[in-house]
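Topology and contacts: notes
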Amino acid sequence: MFNLYVIWYIYGRKICKKNKIQKETFIDILTHDLKNPMRANIQILELLLNNKFGNIDNNLKSILEELLNSCSFMNYMTDNLILKYKNEFNLYELEKENCSIIELIKEKVYQLSKVTDRKKQIVELIIKGSIPNINIDITEVGKVINNLIINASEQSIEKSRIIIQVEKNKKNINISFLDYGYVKKMKNLNEIFEEYITCSNKFRKIGFGLELYNCRKIIEAHNGKIWAEYVNNRTSAITVSLPI
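Residues numbered from 1 in each chain as written. Predicted model: local features only at pLDDT ≥ 70, side-chain atom pairs only at ≥ 80, totals over all residues. Heavy atoms only, no water.

1. A few points about the overall build of the protein chain
Formally: Numbering goes from the N terminus for both helices and strands, where a helix is a DSSP run of H or I of at least four residues and a strand is a run of E of at least two. Any residue under 20% of the maximum accessible area for its type is buried, any over 50% is exposed, and the rest in between are partly exposed; the area is computed with a 1.4 Å probe on protein chains only. The contact definition used throughout considers only heavy atoms, calling two residues in contact when any of these lie within 4.5 Å. Note on areas: Shrake-Rupley with a 1.4 Å probe; residue coverage comes only from the protein chains shown.
Counting its regular elements, the protein chain contains seven helices and seven strands. When the helices and strands of the protein chain are placed in sequence order, the string is α-α-β-α-α-β-β-α-β-β-α-α-β-β. Here the protein chain, with 244 residues, has 36% of them falling under the buried criterion. Summarising the internal contacts of the protein chain: among those between residues at least 6 apart in sequence, 73% fall at separations of at least 24. Total accessible area computed for the protein chain in this model is approximately 15,200 Å², and 52% of it derives from carbon and sulfur atoms.

In structure tokens form, the structure reads like this:
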């Protein structure tokens with residue numbers, strides 16, 4: 001009987017190892033076959049728009065800008081899809097390092113200026129008090145900040161102000177993203193952090209509904225919290241709380 005248990009144990013380990021390899025291969029395929037061509041397209045379009053291959057007329061520039069927006073959006077959706085499967089397949093590991101969360105936010109605001117500029121929105125960073133450095137996975141928390149800035153932009157009206165407020169609260173750093181415009185109250189606002197919950201019909205936007213779900217998984221992996229709340233009839237906020 002003992003020998004039978006040993007055989008089943010060894011067989012089970014081999015199956016688990018095989019499944020893990022298959023899952024890692026699937027993620028590699030997603031990354032290589034989807035991400036790499038999109039990165040190349042984005043880089044070429046940016047070079048064209050910056051007149052690196054000669055001057056272009058306004059009509060062609062408008063077409064290239066639309067192509068760049070489409071490629072950037074597909075790149076954004078692919079990032080969230082890959083992250084979702086990494087979580088599902090337990091291939092997700094944090095690589096923490098000491099980081100200034102303020103500088104990380106500033107970097108992401110700058111990188112996403114094209115997104116907010118399209119709706120003529122202003123992003124205002126409000127820092128309350130002294131904010132210490134924290135140990136986080138910079139890449140993964142950067143994805144959270146990306147997703148929450150894009151979410152705030154999508155839910156805000158044109159020419160509005162998006163506020164990012166950072167403050168230290170005892171043992172945590174709280175980062176709030178406030179949008180202004182489209183507030184349609186839900187019975188349970190925090191359902192937006194569940195898998196495949198999306199406001200695509202409301203905003204006439206197609207998506208997987210994984211962006212805020214992935215934010216929750218990343219923040220929880222850092223032993224932090226994330227929640228949403230209504231501030232008033234025109235403003236809602238998503239707050240991330242990370243331990244110091």
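2. Description of the pattern of salt bridges
Put simply, the rule reads: Counted as salt bridges are all cases of a side-chain nitrogen of Lys or Arg within 4 Å of a carboxyl oxygen of Asp or Glu.
The tally for this structure, following the rule as stated, stands at five salt bridges. Between Glu220 and Arg216 there is a salt bridge, and its shortest N-O distance comes to 3.4 Å. Taken together, the residues Glu220 and Arg216, both in helix H7 (residues 211-221) and four residues apart, mark about one turn of the helix. Here Arg216 falls in the buried class, since its relative accessible area comes to 18%.

3. Points about the pairing of strand E7 (residues 235-243)
Cut-off, in case you're wondering: Any two strands with at least two DSSP bridges between them are considered paired.
In terms of burial, E7 is a largely internal element, eight of the nine residues being buried. Strand direction decides the pairing type here: strand E5 (residues 172-180) and E7, joined by nine bridges, are antiparallel. Within E7, the position partnered with Tyr180 by the bridge is Thr235. Bridging between strand E6 (residues 225-232) and E7 involves seven bridges; their strand directions are antiparallel. Counted as the bridge partner of Tyr230 is Ser236 from E7. Hairpin connection from E6 to E7: two residues lie between these consecutive antiparallel strands.

4. Some words on the packing of helix H3 (residues 101-111) against helix H5 (residues 138-155)
Each pair of packed helices can be described by the angle between their axes along with the distance between the axes. Definition in use: The axes are straight lines fitted to the C-alpha atoms, using for helices just the contacting stretch, and the angles between their N-to-C directions are given from 0 to 180°. Here roughly perpendicular refers to angles of 65 to 115 degrees, roughly parallel to angles under 35, roughly antiparallel to angles over 145, and oblique to all remaining angles. Left-handed is the label given to a crossing in which the near helix is rotated counterclockwise from the far helix by less than a right angle, and right-handed is the label when the rotation is clockwise.
Packing of H3 against H5 brings their axes to within 10 Å, and their N-to-C directions diverge by 50°. Judged by the inter-axis angle, H3 sits oblique to H5. Handedness of the H3/H5 crossing: right-handed. Along the contact surface, H3 presents Ile101, Leu104, Ile105, Lys108 and Val109, while H5 presents Ile138, Val141, Gly142, Ile145, Asn146 and Ile149.

5. Some words on the environment of Val115
Structurally, the position occupied by Val115 is in helix H4 (residues 113-118). Assessed through its relative accessible area of 21%, Val115 is described here as partly exposed.

6. Regarding unusual backbone geometry
It is generally the case that most residues other than glycine have a negative phi and that most peptide bonds are trans. One non-glycine residue, Asn51, lies in the positive phi region at around 60°. A positive phi angle, close to 55°, is found at Lys120, a residue other than glycine.

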